[in-house]
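Residue-level structural notes
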Amino acid sequence: MKVWFVGAGPGDPELLTLKAQRVIARCPVCLYAGSLVPEAVVAQAPQGALVRDTASMTLEETHAEILAARERGEDVARVHSGDPSLYGAIAEQIRKLRADGIPYEIVPGVPAYAAAAAALGQELTIPEIAQSIVLTRVSMKSTSMPPRETLENFAATGATLAIHLGVRALREIERVLTPHYGAQCPVVVAYRVGWPDQMLLRGTIADIREKVRAQKITRTALILVGPALGENEGFRDSALYDAAAPHVLRPKAQRPARELPAKDAAGS
């Protein structure tokens, strides 16, 4: 018997990995976070499987289901949104599994920031503009942040920020980020990425709060902040494919083709 922590991605069932599909399709027990994982993701559970939405359950209740599955010798698909390694609340579940000697395996999933970038049709790391992405969140009513992991500290780097669980704290986010990024820095609020009602709101640090309020978005949203989100056209090309920049797989720099004089080019 094994517990499989399955990353379901941001919501679109077609963004499940092949391995995630196989695991869900063969596990007799499927426990899924229904507030963030659509039913379509777990619809491929085998006929007769025990499929339970854990949104209203406690850690002890979900673990009790796993213990019961062990007694029956049944594998469990524990399905989480996005990628389980990021705000998946699997650390405490793993602690209980280890204490009870229950084996487990993690199947990674597409994280929300990657799905949001895909929906926006752009790269988040642009040469000489942004080369780092900080995945963070705000405290609000959830677990407090470690003392050095403050929004101020991350903002000081100028990196692209992917802020989770912060759509109700936009006033504070605006206050903290404006001195570092400027009021006109681009912002995207990605609401329910991958769901049928997906919404991408573009704005700036100065005006995004009013746009979010107008759409009445209060949860299930990711906030992206940084200059990489703007209409950047003048950036330099990456060295990865630069003919003049050799690397281990292309050890020789390629010289640009020599232009022939007009007389030679004409063949005379």
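For the structure itself, look to the data block above.
For clarity, every value in this text was computed on a predicted model and none was experimentally measured. (Residues numbered from 1 in each chain as written. Predicted model: local features only at pLDDT ≥ 70, side-chain atom pairs only at ≥ 80, totals over all residues. Heavy atoms only, no water.)

A few words on the side chain of Asp75. Within the secondary structure, Asp75 is located in the loop between helix H3 (59-72) and strand E4 (76-80). Within the local environment of Asp75, its side chain forms a polar contact with the backbone nitrogen of Lys2, the two atoms lying 2.9 Å apart. Only 3.3 Å separates the side chain of Asp75 from the side chain of Arg26, close enough to count as a polar contact. Excluding anything up to four places from it in sequence, Asp75 contacts Met1, Lys2, Trp4, Arg26, Cys27, Pro28 and Val29. (Helix = DSSP H or I, 4+ residues; strand = E, 2+ residues; numbered from the N terminus. Polar contact = N/O pair within 3.5 Å; in protein donor to acceptor, adjacent residues only side chain to side chain. Contact = heavy atoms within 4.5 Å.)

So, about the layout of surface pockets. If a probe as big as a water molecule is rolled over the atoms, it shows which places are left empty. When its volume is computed, the largest pocket comes out at roughly 1,700 Å³. Around the largest pocket sit 50 residues that line it, and Leu36, Ser81, Tyr87, Gly88 and Leu165 are the ones nearest its centre. (1 Å grid on protein atoms, 1.4 Å probe; cavity = no way out; pocket = protein on both sides within 12 Å on 5 of 7 lines; lining within 4 Å. Points joined across faces, edges and corners; volume = space filled by probe spheres on them.)

Burial along strand E2 (residues 29-32) is two-sided: Val29 and Leu31 and Cys30 and Tyr32, pointing in opposite directions, are all buried. Sheet topology places E2 next to strand E3 (residues 50-53); four bridges connect them, and they run parallel. In the sheet register, Tyr32 faces E3, and the bridge partner there is Asp53. Bridge count between E2 and E4: four bridges; the pairing is parallel. Each residue of the ladder has a partner; that of Val29, found in E4, is Val76. (Buried < 20%, exposed > 50% of the residue type's maximum accessible area, 1.4 Å probe, protein only. Pairing = 2+ DSSP bridges.)

Moving on: the packing of H3 against helix H4 (residues 91-99). As a packed pair, H3 and H4 sit with axes 11 Å apart at the nearest point and diverge in direction by 45 degrees. The angle between H3 and H4 falls in the class oblique. Crossing of H3 over H4 shows right-handed handedness. The segment H3 lies against H4, with Leu59, Glu60, His63 and Ile66 engaging Glu92, Gln93, Lys96 and Leu97. (Axes fitted to C-alpha atoms, helices over the stretch in contact; angles between N-to-C directions. Parallel < 35°, antiparallel > 145°, perpendicular 65-115°, else oblique. Left-handed = near helix turned anticlockwise from the far one by under 90°.)

Between helix H7 (residues 170-181) and helix H8 (residues 208-215), the least distance of the axes is 9 Å, while the angle of their chain directions is 170 degrees. As far as their axial angle goes, H8 and H7 are roughly antiparallel. Considering the relative orientation of H7 and H8, their crossing is right-handed. Counted together, Leu170, Arg171 and Glu174 of H7 and Ile208, Arg209, Val212 and Arg213 of H8 form the full contact between these two elements. Looking at the contact of H7 with H8 residue by residue, the classes come out as three nonpolar, no polar and four charged. (Nonpolar A, V, L, I, M, F, W, Y, C, P; charged D, E, K, R; others polar.)

This paragraph deals with unusual backbone geometry. Positive phi outside glycine occurs at Arg192, with the angle close to 45 degrees. According to the relative accessible area criterion, Arg192 is buried, its value standing at 17%.

Further remarks concern the sheet that holds strand E8 (residues 186-191). In spatial order, the strands read E6-E7-E10-E8-E9; together these five strands make up an open sheet with mixed pairing. What marks the edges here is a single partner per strand, and that holds for strand E6 (133-137) and strand E9 (199-204). On average, each strand axis in the sheet is inclined to that of its neighbour by 20 degrees, with strand direction left out of account. Along the sheet, helix H5 (residues 112-120) contacts E6, strand E7 (160-164), E8, E9 and strand E10 (221-225); its crossing angle with E10, the most-contacted strand, is approximately 70 degrees. Of the strands in this sheet, E8 and E9 are in contact with H8, which crosses E9 at around 150 degrees.

Moving on: the environment of Ala221. Looking at the element boundaries, Ala221 is found in strand E10. Exposure remark for Ala221: the relative accessible area of 13% places this residue in the buried category. Sequence separation of Ala221 and Val189 is 32 residues, and the distance between their C-alpha atoms is 6.4 Å. Other than its neighbours up to four places away in sequence, Ala221 contacts Ile163, Leu165, Val167, Val189, Ala190 and Tyr191.

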